[in-house]
Amino acid sequence: MQKIVIHGGKPLKGEVPVSGAKNSVVALIPATILSDDVVILDGVPDISDVASLIDIMTLMGASVSREGDSLIIDPRGVRDEPMPSGKINSLRASYYFYGSLLGRYQSATVGLPGGCDLGPRPIDLHLKAFEAMGAKVSYEGEAMRLSTDGQDLQGAHIFMDTVSVGATINTLLAAVKAKGRTIIENAAREPEIIDVATLLNNMGARIRGAGTDIITIDGVSHLSGTRHQVIPDRIEAGTYIALAAAVGEGIRVTNVLYEHLESFIAKLEEMGVRMTIDEDSVFVEKQTDLKAVSIKTAPYPGFATDLQQPLTPLLLTAHGTGTITDTIYEKRVNHVPELARMGAEIHTTGNGILYHGPSTLSGAPVKASDLRAGAALLIAGLMAEGKTEITNISFILRGYSQVIEKLQALGADIQLIEA
C-alpha cells in the first residue's frame, strides 16, 4: 500500500508544466488499433492508466515501446481475441476497445469497464450507436460481446439522447471504417474529441465537425500510420492553477491552452483571483480577499465536472457562502467529508454542496475516493497546518503525471511512502 504524506502550510512558488491530456490519451491508444501501420503518440503522460493500456495492447498482440514521453505503437499484430477481465476491469476507458475492435474486426469481446465510482455511468448510448451500425450485443460472463456476424459495419444516423464524451468517441472509432456515412447529432464537444478526430484524420479518416454538436464520418477502408501530439491536459492545468491560487506566492503553469479553460478561468476571475494569461501559460499571483462563488457543472464548454473537486479547497479560502452543483455525476461529493475532517465548513445538501469560508484547515488522515477527489485532498493538504496523510492514492496516480515531483519542485514538503 502506498500513501502520500504532506507537511502543509508552506507557500509554493516556481513553474509547473502540464502533461498530455489523460482523457485524450486513454482514447488515442485504443484508436491506434484501427491503423494498418505504426503510430507514434508524443506528449503521453506518465500515469497508471497509460501503463494499464500498454499492458492491454501488448496482451492483444501490439508492439508498444516508450521513449521519453512518446509511445511507439505497432498495432499490426493485434488479434481479435476475447479480453474478458484483468486490466480491462481496472479503468473506465477500457470501453474504447469496443469501438476500435469493432471498427477493425466487426467484433469485440471485452470485459466491462471499471474506473472511479461516480454514480451511474451506463454505456447504453455506446451500445445504441453500435446497434444502429449493425452490431449485435450479448453477454458472456463478465464480458460484453459485440458482433456483426461477419458483415461490414454500416454508416448510420445517430442521435445521442444525452451529451456523452465516451459515446461520441466510441462511435467515431467504430464509424471510421464503416461502409457509408455516419452522422452523430447532439455530439459532445470536448477538446479531447477534437484530439481523437485529429489523430484519425491524420491516419486517413474522413471526419468533419468534431468540436461541434454534429459530426459527419465518411467511412474509409484503410488507415495509415502517423505521428500525433497529445493536447495538454486541461484538467491538470485547472488543478495546478487552483493550487497556485490557494497556496502559491507566484506560480506559472505552463503548456496551457486557455481556450480549453475559459469557463474555469471566468469563475476564478469572479472570485477575484489575480493572474496573467499568456499564449501558453498562466501566471498566478499570491491571493488575498477572495470572494465566495457558486459553481454549476455542465458539458463543455461549461464548467467541467472534473474541475469542481480540485477547485473546492480554493473556494474554502474565500469569504462568504457558496454552493457547488454537479449536474454530470451525482456522487461527486465524496471529498466533502474528508475536507470537513480537516476543519472545512462544508457539507452536502439535497442537490449538491454548501460551503462557508474562509476555513482554516488542519492536517489529518484522509482517503481519496476517486481521481479528482484525490486532487482536492492534495491541495487541501498543502494548505493545511500540520501533517496530512492521504491513502487510496492509486486514484491520484491514475491521472496526474509525476505529481509528487512537480509539487516538490514548487517547494512542497510531500512524499510518496510505501506503507
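Quick caveat, the model's predicted, so the values are computed rather than measured. (Residues numbered from 1 in each chain as written. Predicted model: local features only at pLDDT ≥ 70, side-chain atom pairs only at ≥ 80, totals over all residues. Heavy atoms only, no water.)

## Section: the confidence of the model for the chain
Just so we agree on the cut-off: Residue-level confidence of the predictor, termed pLDDT, takes values from 0 up to 100. Note on contacts: a residue pair qualifies if any of its non-hydrogen atoms lie within 4.5 Å across the two residues.
Chain-level pLDDT for the chain is 93 on average; 95% of the residues reach the 70-or-more range. Contacts of residues 115–121 to residues separated by more than four positions or lying in other chains number 23 contacts, the stretch itself having pLDDT below 50.

## Points about helix 2 (residues 48–60)
Using the following cut-off: The way it works is that DSSP assigns letters per residue, a run of H or I at least four long becomes a helix, a run of E at least two long becomes a strand, and they are numbered from the N terminus. Under the convention used throughout, the expected extent of a helix is 1.5 Å for every residue step, that is, one less than its residue count. For every residue, the accessible area obtained with a 1.4 Å probe (protein chains only) is divided by the maximum for its type, and the residue is called buried under 20%, exposed over 50%, and partly exposed between those limits.
Between its terminal C-alpha atoms helix 2 stretches 18 Å, which fits the 18 Å expected from 13 residues at 1.5 Å a residue. Among the residues making up helix 2, those that are buried are Asp49, Val50, Ser52, Leu53, Ile54, Ile56, Met57 and Met60. Next to the buried residues of helix 2 lie helix 1 (22–31), strand 4 (63–67), strand 5 (70–74) and helix 3 (96–105). Immediately beyond the C-terminal end of helix 2, within one or two residues, lies Gly61, with a positive phi of roughly 115°.

## Brief notes about the sheet that holds strand 22 (residues 386–391)
Adjacent strands of a sheet form backbone hydrogen bonds with each other and so pair up, either parallel or antiparallel. Applicable threshold: Should DSSP find at least two bridges between two strands, the strands are regarded as paired. Here an angle of 0 to 180 degrees is reported between the N-to-C directions of two axes, which are lines fitted to C-alpha atoms, with helices fitted over the stretch in contact.
Pairing is mixed in the open sheet, where four strands are placed in the order 21-22-1-23. At either end of the open sheet lies a strand with only one pairing partner, and these are strand 21 (365–367) and strand 23 (413–418). Ignoring strand direction, the axes of neighbouring strands in this sheet form an average angle of 25°. Relative to strand 23, strand 1 (residues 2–8) runs antiparallel, the two being bridged by six bridges. Bridge assignment links Ile4 to a residue of strand 23, and that residue is Leu416.

## Details of helix 8 (residues 262–271)
Put simply, the rule is: The arc under discussion is defined with respect to the helix axis, by the directions toward the C-beta atoms.
Among the residues making up helix 8, those that are buried are Phe264, Ile265, Lys267, Leu268 and Met271. Each buried residue of helix 8 sits inside an arc of 160° when the element is viewed along its axis, so together they form one side. Elements that come into contact with the buried residues of helix 8 comprise helix 7 (234–247), strand 15 (275–277), strand 17 (295–296) and helix 9 (305–315).

## With respect to the sheet that holds strand 15
The mixed open sheet is built from four strands, whose spatial order is 2-14-16-15. This sheet does not close on itself; its edge strands, each paired only once, are strand 2 (12–17) and strand 15. Averaged over all pairs of adjacent strands, the angle between their axes in this sheet comes to 10°, without regard to strand direction. Note that strand 15 and strand 16 (residues 281–284) share three bridges and pair antiparallel. Following the sheet pairing, Ile277 is matched in strand 16 by Val282. On top of the sheet, helix 7 reaches strand 2, strand 14 (248–254) and strand 16; it is set at about 165° to strand 14, its chief contact.

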